[in-house]
Amino acid sequence: MFHVNGQPCRPDADEQTTLLSVLRDELNLSGAKFGCGNGECGACVVLVDGQPQASCNLPIWSLQGKRVVTLEGLGTPEQPHPLQTAFIEERAAQCGYCVAGIVTAAAALLERNANPSREEIAQALDKHLCRCGAHNRMIRAVQRAAAALRDTHPT
């Protein structure tokens, strides 16, 4: 058993089944997307114990006792995560295919670094493929969310 967005998860699937398949097919969570199937494009990224992980090639047997957070688990429609709000305000998504993985990876970055530089943000998002050309808006959105988080949780 593992947890997804705070809820216990005991999938009715073979232990070699990928986390992405369980998320999409059993739990009806559609944020993480199937892109390359090799863990290289970033469309399927979720947080596993706070660390960004590709879910497309992560077998569920490896998740026992772990906490998984998807884009859906970062916030709610009533109270979105500051990153979700910032991505909307900056119009940082075009087609939206890569955005769930990018927002999720950015959440991990902001969890460990409340004031990342532009270079640190670019490095954290570097593995995520996006062909829409929205990279600058995405970086601005992460910067905006970092500022919002600092404003609401001053150190």
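Residues numbered from 1 in each chain as written. Predicted model: local features only at pLDDT ≥ 70, side-chain atom pairs only at ≥ 80, totals over all residues. Heavy atoms only, no water.

Enquirer: If you had to explain the overall build of the protein chain to someone new, which residues and values would you point to?
Expert: Per the secondary structure count, the protein chain includes 6 helices and 5 strands. Beginning at the N terminus, the succession of helices and strands in the protein chain can be written as β-β-α-β-β-β-α-α-α-α-α. A compact globule built from 155 residues should have a C-alpha radius of gyration of about 15 Å, and the protein chain, at 15 Å, falls within 12% of that. Each principal axis of the C-alpha atoms in the protein chain carries an extent, and together these give about 40 × 35 × 25 Å. The buried share of the protein chain, taken over its 155 residues, is 42%. The contacts in the protein chain between residues at least 6 apart in sequence include a share of 59% that link residues at least 24 apart. Put simply, the protein chain shows about 8700 Å² of open surface, and 47% of that area lies on carbon and sulfur atoms. Across the protein chain, the 14 positively charged side chains and the 16 negatively charged ones have centroids separated by 7 Å. (Helix = DSSP H or I, 4+ residues; strand = E, 2+ residues; numbered from the N terminus. Rg over C-alpha atoms; globule rule 2.2 N^0.38 Å. Buried < 20%, exposed > 50% of the residue type's maximum accessible area, 1.4 Å probe, protein only. Contact = heavy atoms within 4.5 Å. Areas by Shrake-Rupley, 256 points an atom, 1.4 Å probe, with all protein chains shown as cover. Lys, Arg positive; Asp, Glu negative; His and termini not counted. Charge placed at Lys NZ, Arg CZ, Asp CG, Glu CD.)

Enquirer: Could you give me a rundown of the layout of surface pockets, with the residues and numbers involved?
Expert: In this structure, the second largest pocket occupies an estimated 230 Å³ of space. Around the second largest pocket, the lining comprises 14 residues; the ones closest to its centre are Val 45, Pro 52, Ala 124, Lys 127 and His 128. Among the secondary structure elements, those contributing two or more residues to the lining of the second largest pocket are β4 (51–54) and α4 (99–112). The dominant element in the lining of the second largest pocket, judged by the number of residues it contributes, is β4, at 4 residues. Of the residues contributing to the lining of the second largest pocket, the split by class is 6 nonpolar, 5 polar and 3 charged. (1 Å grid on protein atoms, 1.4 Å probe; cavity = no way out; pocket = protein on both sides within 12 Å on 5 of 7 lines; lining within 4 Å. Points joined across faces, edges and corners; volume = space filled by probe spheres on them. Nonpolar A, V, L, I, M, F, W, Y, C, P; charged D, E, K, R; others polar.)

Enquirer: I'd like a rundown of helix α1 (residues 19–26), residues and numbers included.
Expert: Every α-helix carries 3.6 residues per turn, so stepping three or four residues along brings you back to the same face. Taken together, the buried positions of α1 are Leu 19, Leu 20, Val 22 and Leu 23. Summarising the axial view, the buried residues of α1 lie within an arc of 165 degrees, below the 170-degree limit, and thus occupy one face. Buried residues along α1 sit in contact with β1 (2–4), β2 (7–9), β3 (45–48) and β5 (67–69). Two residues or fewer past α1, Asn 28 is found with a positive phi of approximately 55 degrees. (Arc of directions from axis to C-beta.)

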